[in-house]
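# Architecture and fold: a report
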Amino acid sequence: MTFKRIAVGGYLSTLFLILFCACGGNKSDEWTGVLLPVEEDSTDPHTYSQAEIAVITHMNLDLTVNFNAQKLEGSVTYQIKHDKASEIILDTRGLKIKQVTLGEQESETSFNVSAEDSIKGSSLTIPLAPLTRVVKIYYETTDKSAALQWLTPQQTADKIHPFLYTQGQPILTRTWIPTQDSPGIRFTYEATIRTLPGLMAVMSAENPRQKTADGVYAFKQTNPVPAYLIALASGDFQFAETGPRTGVYAEQSLLQAAATEFSDTDKMLNVAEKMYGTYNWGRYDLLVLPPSFPFGGMENPCLTFATPTIIAGDKSLTTLVAHELAHSWSGNLVTNATWNDLWLNEGFTVYFERRIMEEVYGADFTEMLNLLTYNNLKTLITKMGKDHPDTRLKVDLEGRNPDDGLTRIPYDKGFLFIEISGAIGRAKNI
Ligand SMILES: [Zn+2]
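Residues numbered from 1 in each chain as written. Predicted model: local features only at pLDDT ≥ 70, side-chain atom pairs only at ≥ 80, totals over all residues.

### So, helix α4 (residues 342-361)
To be explicit about the condition: For helices the rule is a DSSP run of H or I covering at least 4 residues; for strands it is a run of E covering at least 2, with both sets numbered from the N terminus onward. Here, expected helix span is obtained from the residue count minus one, scaled by 1.5 Å. Burial is judged by counting the other C-beta atoms within 10 Å of a residue's own C-beta: 20 or more makes it buried, 12 or fewer makes it exposed, and any count in between marks it as partly exposed, with every C-beta position built from the backbone.
Counted at 1.5 Å a residue, the expected span for α4 with its 20 residues is 28 Å, and the 28 Å between its end C-alpha atoms agrees. Among the 20 residues in α4, 16 count as buried, and that is most of the element. Downstream of α4 by a residue or two, Gly362 has a phi angle that is positive, lying close to 100 degrees.

And the structure:
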């Protein structure tokens, strides 16, 4: 996300990052490549899931978008993996769970929704038989489903049709899908979304480029993704290409300006691939959201969600595109296991973003960005107090909402740590 977060993690357990780091003590002038255990105990304090006991491997979502009632209704079916576990635990918050079934035959089962924690929401515990591999949940969202942003026509650019978009990061996907909502748990997904005829629907997946007559759309995400990267939007928007693998979705009145503003996206994708390896997600498109989108951008796989305020007319704010594109490697392929380590997602992403900007717009522009980053960071740390625990790269979010106290620290301090580490390493020819 622009001005937001991270996840590095292998699957569920110990995570390692190869970092170059300066040793302390009397060897402080030595610079060696070391393997740092980032999180020996990567237990996520923000999930009820016990993925080591039973874990989701694939999701099939089937939802109807009800603009009148401002709710989503339908079902989610999971393929799960376990070794004779007696139950699977999911995260939910603000959802109305109607029915749960087991197996392809959809045998109805009991389930338990715990009392609601104000941060984590409720656990949904579903009993399993030893051979159960499929779990299906019928549910609907409520007005407490905080991931869902329902906009009236008046709140859109074209002011004719309503608009819906979701924001899952960091722990909001559980408010529109009952799921194992932890950045260390990844699964592939398919979805069928039924919206109003005449409207488009898109997700963080392979997307349509034309509207369908009946408002029904099918989606597939073949890379395993953490729940926070599942995203949906529906509204009256259209698609325009900006290159062979890139394009933009926007409301009619914004489409041309958006396509012009983002015309360097294909170039960014090509230079990013040269530096970091093959782009793993097929297409890279942008969705321009109505102005109420509270962030600059969100790195939803295949489809970055972006605020229209970056359409400046002179590409001066396309750093945001470089940032969200960079997340296609750092964050979306490799993710922090818990939100305590957000700096891994965002620090590396700002670093990648600057490398992309340097290739496309030159070293001078990037130096200016770096200087601004350094000055802003100094100001921020002075304001927070240099001993404030949230000025650390690794923070302690146990018992806190990961959104509370979110600052530029994980982005800018994380970036400068990597940038300076790299510069020292190069100077010492490591
Ligand atoms: Zn980001």
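Additional details are given in the paragraphs that follow.
### Observations regarding the domain arrangement of the protein
Here is the rule we go by: Annotation comment: domain bounds sourced from an automatic or database domain assignment.
Looking at the protein, the domain boundaries give domain 1 (15-40 + 336-427) and domain 2 (54-143 + 175-228). One C-alpha centre belongs to domain 1, the other to domain 2; they are set 34 Å apart.

### Looking at the sheet that holds strand β18 (residues 246-251)
Rules: In this scheme, strands are said to pair when DSSP sees at least two bridges between them.
Pairing is mixed in the open sheet, where five strands are placed in the order β17-β18-β19-β21-β20. Only two strands of the sheet have a single neighbouring strand rather than two, namely β17 (237-241) and β20 (297-298). As paired strands, β20 and strand β21 (residues 303-306) are joined by two bridges and run antiparallel to one another. Bridged to Met298 within β21 is Phe305.

### Structural notes on the sheet that holds strand β5 (residues 87-92)
With antiparallel pairing, three strands are arranged side by side in an open sheet as β5-β9-β8. A single partner strand is all that each edge strand has here, and the edge strands are β5 and β8 (112-113).

### Overview of the packing of α4 against helix α6 (residues 409-427)
In plain terms, the rule: Orientation is described by axes fitted as lines to C-alpha atoms, over the contacting stretch for helices, and by angles from 0 to 180 degrees between their N-to-C directions. Helix crossings get a hand from a simple test, with the near helix turned counterclockwise from the far one by less than a right angle marking a left-handed crossing and a clockwise turn marking a right-handed one. By the convention adopted here, residues are in contact when the distance between their C-beta atoms, placed from the backbone, does not exceed 7 Å. Each residue gets one label: Ala, Val, Leu, Ile, Met, Phe, Trp, Tyr, Cys and Pro are nonpolar, Asp, Glu, Lys and Arg are charged, and the others, such as Gly, are polar.
At a minimum axis distance of 7 Å, the contact between α4 and α6 shows a crossing angle of 65 degrees. In this structure, α4 crosses over α6, and the sense of that crossing is right-handed. Mapping the contact onto sequence places Leu342, Trp343, Glu346, Gly347, Phe348, Val350 and Tyr351 in α4 and Pro410, Tyr411, Asp412, Lys413, Gly414, Phe415, Phe417, Ile418 and Glu419 in α6. In the contact of α4 with α6, the residues fall into 10 nonpolar, two polar and four charged.

### Overview of the packing of helix α3 (residues 319-326) against α4
Spelled out, the test is: Each angle gets one of four labels, with under 35 degrees taken as roughly parallel, over 145 as roughly antiparallel, 65 to 115 as roughly perpendicular, and the rest as oblique.
One can describe the packing of α3 onto α4 by two numbers: an axis separation of 8 Å at closest approach and a directional angle of 125 degrees. If you check the angle between α3 and α4, you find them oblique. The interaxial crossing formed by α3 with α4 has right-handed handedness. Residues Thr319, Ala322, His323, Leu325 and Ala326 of α3 form the contact with α4, whose participating residues are Thr349, Val350, Phe352, Glu353, Ile356 and Met357. Here the residues of the contact of α3 with α4 sort into seven nonpolar, three polar and one charged.

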